[in-house]
Amino acid sequence: MVAFGKKLKDRQIQEWQGYYINYKLMKKKVKQYDNQIKSGSLNRRHVLKDFSRMLDNQIERIVLFMLEQQGVLASRISELNKQQESLQEQPDISKIIELRESYRDVGRDLLKLLFFVEINAIGLRKILKKFDKRFGYRFTDYYVKTRANHPYSQLQQVFKHVGLGAVVGAISRNLADLQDRQGSYLSIYDQPSLPLQDSVVDSLQAAVDRLSHSTNFLNFLAQHALIMQEEFPTPVEEQVDDQRYHFMSLILNLANTFLYMVNTYIIVPTADDYSMSLGAAATVCGIVIGAMAIAQIFSSVYFSAWSNRSYFRPLVFSSIVLFVGNIMYALAYDLKSIPVLLIGRIFCGLGSARAVNRRYISDCVPLKIRMQASAGFVSASALGMACGPALAGLLQTNFKIYKLTFNQDTLPGWLMAFAWLVYLIWLWISFREPATETEANTGPQEPANNVENDVLENGVTQPLLLKVEDNQQDDENDQEYDESEEAPEESRQPANSIAEAYRLLTPSVKVQLLIYFMLKYAMEILLSESSVVTTYYFSWSTGAVAIFLACLGLTVLPINVVVGSYISNMFEDRQILLVSEIMVFLGILGSFHIVSPYTVPQYVCSGLIMFVAAEVLEGVNLSLLSRVMSSRLSRGTYNGGLLSTEAGTFARVIADVTITLAGYLGQSKLLNVTLLPSLLICVASIIATCYTYNSLY
């Protein structure tokens with residue numbers, strides 16, 4: 001694997017070499033600044049000013065060349081438009097075909113320009129990241145924030161690229177007018193529902209979509225899945241994705257995600273009642289709910305490893321285990337057995353295939369729709385979380401069939417067992433096992449003269465410039481290589497163990513995992529003990545608890561819409577992060593039973609503040625985490641998604657065990673005893689956040 005400087009040099013278009021970012025020069029300049037600061041001959045303010053001016057000059061040269069090339073392309077299109085006008089008067093099929101190919105040639109040259117913008121944007125981000133790492137603070141944030149929206153900033157051209165969009169539009173419209181019309185010139189505006197079937201236009205649109213990348217709801221939501229991607233994907237990787245992708249298999253993957261989350265939360269409103277009906281204390285509901293999370297700690301690892309070889313077999317195994325687990329959960333009532341109840345829930349946790357769900361999206365979904373698929377993964381999880389308690393509230397009935405009891409305690413188990421059986425049949429019929437990467441690579445080879453066009457049409461595939469913190473730690477363990485040298489292969493390999501993955505985590509990433517642990521702990525305490533607390537203080541029925549929990553779950557997507565579309569565009573991530581932590585702290589503090597009587601408004605309002613703030617915090621934290629985690633954790637068994645899942649699962653396990661242990665002190669003390677650790681962990685995360693970010697700025 002070669003270093004970035006070498007990659008940058010190899011991917012440059014030869015005739016444009018003088019207009020690319022001079023990465024080698026800037027890298028040497030950063031080293032020079034470091035030596036001068038250490039020797040005392042320069043101060044940091046001078047370094048910031050000088051480096052900013054150098055970046056401005058580099059970007060200005062890139063942008064001016066881009067504008068010059070846009071003018072050339074516009075002139076060529078203008079000439080082709082004149083030819084098209086003459087053909088309207090005297091249609092000639094052979095000339096129409098020739099003209100269409102001329103427009104495509106312009107489109108291919110435009111793809112070169114788009115790829116030029118991409119490679120320079122990545123080079124800019126890399127040098128900013130190297131500067132940050134060398135001097136220990138976030139120059140990137142300062143530079144981007146001051147240049148992104150300034151009216152005189154050349155950086156703005158890369159963001160908005162109005163000229164590029166106009167050229168793309170002109171090519172697309174004219175190709176649409178000429179496409180298979182044989183002299184009939186219908187406008188695309190007359191038939192907007194009909195897509196333009198042209199590979200060059202599709203490539204242009206994909207390229208523009210990537211260049212137009214900005215903070216928005218869809219991208220914000222997609223980042224929650226922690227499905228990270230490598231830079232510079234090759235055309236071969238894109239072709240492999242297309243060969244492995246199967247729409248129905250993706251739907252089945254998302255359905256598995258949804259059903260698992262429903263399965264997790266459908267028992268929450270009735271777990272305390274079920275425990276008491278079997279002769280245990282109501283607070284045993286904590287370990288009943290947490291048994292699934294305990295098993296998930298182990299299942300996440302073996303499912304992640306299994307997904308290296310197959311996707312179909314893990315999903316089949318998951319469905320069967322969940323079917324058996326839910327049957328056991330339902331039968332525990334008639335067997336009068338707490339152990340059977342717990343084993344049933346453990347089986348459900350052993351069927352957690354979320355690692356497979358993530359890996360399928362990461363490995364088998366084409367780049368052009370991977371963001372939508374990742375957002376679908378998060379949305380399916382959120383909807384499952386809301387639907388679980390809502391379904392529990394609808395299962396308020398009691399009857400027997402032979403010796404089997406069907407009531408509010410057992411129906412969640414029976415319903416989910418039936419759902420997993422239906423899913424298993426659907427999976428068996430419709431899922432298509434993706435081809436392995438080896439098989440995909442042995443497909444028909446493209447002719448050599450098409451390689452350059454393939455590179456251009458597939459090259460602009462990644463979100464660019466101002467995902468400035470994306471993969472921020474990907475070189476954290478690499479040495480400084482000269483551009484002609486090669487980096488060791490192992491420095492880019494996936495982690496081979498949890499311990500190795502942990503060593504790849506920088507202090508800031510560890511703080512963010514602590515924040516994730518904290519918010520999952522606080523949310524699990526709120527959700528898992530809600531039935532016990534509300535029954536003790538307010539005498540709520542199962543239906544009332546289900547409505548409360550369903551309403552909390554339904555806030556997930558609207559909150560992410562607001563944060564992803566508005567708040568994250570108005571404030572920095574670190575500001576939202578800290579404010580959200582403080583709001584979680586206030587929500588926890590407000591939930592304590594200090595003054596009697598303990599009222600419904602106090603519980604509901606405090607719980608809502610805590611839950612909503614935790615949702616905002618989770619969104620921003622995972623969005624940031626997906627951008628700063630080492631790229632070595634983007635693939636393999638021990639990936640970033642697995643680490644975050646394990647952190648959240650450990651938090652849920654500890655929270656559920658806390659509820660059960662606190663139950664021995666009596667239900668009157670349960671609320672305060674379980675909230676106290678939440679408060680302490682929240683304070684610790686706030687202190688860690690302040691310390692970490694103050695040391696970076």
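Everything numeric in this text was worked out from a predicted model, so none of it was measured.

1. Considering empty space enclosed by the protein
Vacant regions in the atomic arrangement are exposed by a probe of water-molecule size rolled over the atoms.
Then, number 1: According to the stated counting rule, one finds ten cavities of 30 Å³ or more in the structure shown.
Then, number 2: Volume-wise, the largest cavity comes out at about 520 Å³.
Then, number 3: Forming the walls of the largest cavity are 29 residues, and the residues nearest its centre are Met261, Arg354, Tyr516, Lys520 and Glu618.
Then, number 4: Where the lining of the largest cavity is concerned, the elements lending two or more residues are helix H11 (247-265), helix H16 (354-364), helix H17 (367-394), helix H22 (507-528), helix H25 (556-570), helix H27 (600-628) and helix H28 (640-662).
Then, number 5: Partitioning the lining of the largest cavity into residue classes produces twelve nonpolar, ten polar and seven charged.

2. What about H28?
Then, number 1: The end-to-end C-alpha separation of H28 is 33 Å, in line with the 33 Å expected for 23 residues at 1.5 Å each.
Then, number 2: A large share of H28 lies buried, amounting to 19 of its 23 residues.

3. Section: the packing of aromatic side chains
Then, number 1: Applying the stated criterion across every chain, the model contains 30 aromatic pairs.
Then, number 2: A ring pair is formed by Phe538 and Trp540, whose centres lie 5.7 Å apart and whose planes are at 45 degrees; its orientation type is tilted.
Then, number 3: For Phe538, a relative accessible area of 14% corresponds to the buried category.
Then, number 4: Ring pairs connect the aromatic residues Tyr536, Tyr537, Phe538, Trp540, Phe548, Tyr598 and Tyr603, which therefore count as one cluster.
Then, number 5: The lysine or arginine in question, Lys336, covers the ring of Tyr333, its NZ or CZ lying 4.9 Å from the ring centre.

4. Considering the pattern of salt bridges
Then, number 1: Applying the stated criterion across every chain, the model contains ten salt bridges.
Then, number 2: Its salt-bridge partner being Asp109, residue Lys112 comes within 4.0 Å of it at the nearest N-O pair. Pair noted here: Lys112 and Asp109 are both in helix H4 (residues 93-135), with a separation of three residues, about one helical turn.
Then, number 3: According to the relative accessible area criterion, Asp109 is partly exposed, its value standing at 23%.
Then, number 4: Residue Glu524 pairs with Arg652 through a salt bridge whose shortest N-O separation is 3.6 Å. Taken together, the positions of Glu524 in helix H22 and Arg652 in helix H28 put the pair 128 residues apart, joining distant regions of the chain. Neither Glu524 nor Arg652 differs from the other in exposure class; each is buried.
Then, number 5: Three or more residues are tied together by salt bridges with common partners; here these are Glu101, Arg104, Asp105 and Arg108.

5. Section: the packing of helix H14 (residues 312-335) against helix H15 (residues 338-350)
Then, number 1: Between H14 and H15, the least distance of the axes is 7 Å, while the angle of their chain directions is 165 degrees. Classified by the angle between their axes, H14 and H15 sit roughly antiparallel to one another. When the axes of H14 and H15 are compared, the crossing they make is left-handed. On H15, the residues touching Phe317, Val321, Leu322, Val324, Gly325, Asn326, Met328, Tyr329, Ala332 and Leu335 of H14 are Val340, Leu341, Ile343, Gly344, Arg345, Phe347, Cys348 and Leu350.

6. What to know about helix H13 (residues 285-306)
Then, number 1: Taking 1.5 Å as the rise per residue, H13 with 22 residues should run 32 Å; its terminal C-alpha atoms sit 32 Å apart, in good agreement.
Then, number 2: Largest kink in H13: about 35 degrees, centred on Ile297.

About the cut-offs
- Residues numbered from 1 in each chain as written.
- Predicted model: local features only at pLDDT ≥ 70, side-chain atom pairs only at ≥ 80, totals over all residues.
- Heavy atoms only, no water.
- 1 Å grid on protein atoms, 1.4 Å probe; cavity = no way out; pocket = protein on both sides within 12 Å on 5 of 7 lines; lining within 4 Å.
- Points joined across faces, edges and corners; volume = space filled by probe spheres on them.
- Helix = DSSP H or I, 4+ residues; strand = E, 2+ residues; numbered from the N terminus.
- Nonpolar A, V, L, I, M, F, W, Y, C, P; charged D, E, K, R; others polar.
- Expected span 1.5 Å × (residues − 1).
- Buried < 20%, exposed > 50% of the residue type's maximum accessible area, 1.4 Å probe, protein only.
- Phe/Tyr/Trp six-rings, centres within 6.5 Å; stacked < 30°, edge-to-face > 60°.
- Lys NZ or Arg CZ within 6 Å of the ring centre and 35° of its normal.
- Salt bridge = Lys/Arg side-chain N within 4 Å of Asp/Glu carboxyl O.
- Axes fitted to C-alpha atoms, helices over the stretch in contact; angles between N-to-C directions.
- Parallel < 35°, antiparallel > 145°, perpendicular 65-115°, else oblique.
- Left-handed = near helix turned anticlockwise from the far one by under 90°.
- Contact = heavy atoms within 4.5 Å.
- Bend = angle between axes of the 7 residues up to and from the residue.

Any link to function would need more than the numbers given here.
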